[in-house]
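This is what each chain is made of:
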Amino acid sequence: DGDDDMYYAHTPQGAGCLSPVSSMDSLAKAGSASVQVKPLGFVTNMAEYMVGADLLISKAGPGTIAEAAALGLPVLLTSYLPGQEEGNIDFVLKNEFGAYVSDSDPDGVARQCSTWLRDEEKLAEMSKKATEAGVPNAAEDIARYIGQSVIRWKVHNEAI
């Protein structure tokens, strides 16, 4: 298993999580025997898996958190780069669409994931908060703002 290998865990009810945590067998033990873990290896179609997942287990990378939030995907953060990604954990916690459990505690990661997968209301609430934090139309809003600014300056410069 490489560091970038992915695992997909799901229940018979269809709830699933996507994780790079190689000890996903802890998830099956923490939840129930009905949780199945499928090793995926390295994947290039991460977006497809994120759209189909109910939660994401990941390190606190800003791009991954932004993608998850834009999709309304709750996140369970398990590691971070000191000095660079610590604030990302604060962002997720403040916006209430995830939690942090260290990857040095795989049983704790599994318990948290299992708890969320069994609580549809909690997942729905976190999904809603992720979407609110994710600003899914941010690129369009930025482009609109830039366009309006260009037009204002064009009008201003033509009046001079």
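Not measured: the values here are computed from a predicted model.

(A) Main features of the overall build of the chain. Scanning the chain from terminus to terminus reveals 7 helices and 6 strands. Helices and strands appear in the chain in the N-to-C order β-β-α-β-α-β-α-β-α-β-α-α-α. The buried share among the 160 residues of the chain stands at 36%. The contacts in the chain between residues at least 6 apart in sequence include a share of 53% that link residues at least 24 apart. About 9,300 Å² of surface is accessible on the chain, with carbon and sulfur atoms providing 53% of the total.

(B) Up close: the pairing of strand β4 (residues 55-59). Among the 5 residues of β4, 4 are classified as buried, and the element is accordingly described as predominantly covered. Across 4 bridges, the pairing between β4 and strand β5 (residues 75-79) is parallel. Opposite S58, over in β5, you have L77 as the bridge partner.

(C) Looking closely at a negative patch on the surface. A cluster of acidic side chains, namely D119, E120, E121 and E125, defines a negative patch on the protein surface. Of note, E121 is situated in helix α6 (residues 120-134). The exposure class of E121 is exposed, given its relative accessible area of 68%.

(D) Representation of the pattern of salt bridges within the structure. Under the counting rule described, the total for this entry stands at 6 salt bridges. D141 is paired through a salt bridge with R144; the nearest N and O atoms lie 3.2 Å apart. Of this pair, D141 and R144 both sit in helix α7 (residues 138-159), separated by 3 residues, roughly a single helical turn. Since its relative accessible area comes to 38%, D141 is described here as partly exposed. Residue classification places R144 among the partly exposed residues on the basis of a relative accessible area of 40%. What you see here is one network of salt bridges that share partners, running through E140, D141 and R144.

(E) Representation of the nonpolar core within the structure. In this structure, V75, L77 and F97 are the most contacted members of the largest nonpolar core, which totals 15 residues. Of all elements in the fold, only α3 (62-70), β5, α4 (86-94) and α6 reach the threshold of two or more residues within this core. Examining the composition of this core, we find that 3 residues originate from one element, α3, more than from any other. Excluding anything up to four places from it in sequence, V75 contacts L56, A68, V92, F97, G98, A99 and W116. One finds I57, C113, L123 and M126 within the second-largest nonpolar core, a separate group that totals 11 residues.

(F) Examining a nonpolar patch on the surface more closely. Taken together, the side chains of I142, Y145, I146 and V150 make up a nonpolar region of the molecular surface, amounting to roughly 420 Å² of accessible area. Following the sequence through the fold, Y145 ends up in helix α7.

(G) Fine view of unusual backbone geometry. Even without being glycine, E96 reaches a positive phi, approximately 60 degrees. Tracing the sequence through the fold places E96 in the loop between α4 and β6 (98-100). Assessed through its relative accessible area of 42%, E96 is described here as partly exposed.

(H) A look at α4. When we look at burial in α4, the residues that qualify are N88, I89 and V92. An end-on view of α4 places all buried positions within 100 degrees of arc, on one side of the element. Packed against the buried residues of α4 are α3, β5 and β6. The positive-phi residue at the C-terminal boundary of α4 is E96, with phi of around 60 degrees.

Criteria and cut-off values
- Residues numbered from 1 in each chain as written.
- Predicted model: local features only at pLDDT ≥ 70, side-chain atom pairs only at ≥ 80, totals over all residues.
- Heavy atoms only, no water.
- Helix = DSSP H or I, 4+ residues; strand = E, 2+ residues; numbered from the N terminus.
- Buried < 20%, exposed > 50% of the residue type's maximum accessible area, 1.4 Å probe, protein only.
- Contact = heavy atoms within 4.5 Å.
- Areas by Shrake-Rupley, 256 points an atom, 1.4 Å probe, with all protein chains shown as cover.
- Pairing = 2+ DSSP bridges.
- Patch = residues over 30% accessible without salt bridge, like charges linked within 9 Å, V, L, I, M, F, W, Y side chains within 5 Å.
- Salt bridge = Lys/Arg side-chain N within 4 Å of Asp/Glu carboxyl O.
- Lys, Arg positive; Asp, Glu negative; His and termini not counted.
- Charge placed at Lys NZ, Arg CZ, Asp CG, Glu CD.
- Core = buried A, V, L, I, M, F, W, Y, C linked by side-chain atoms within 4.5 Å.
- Arc of directions from axis to C-beta.

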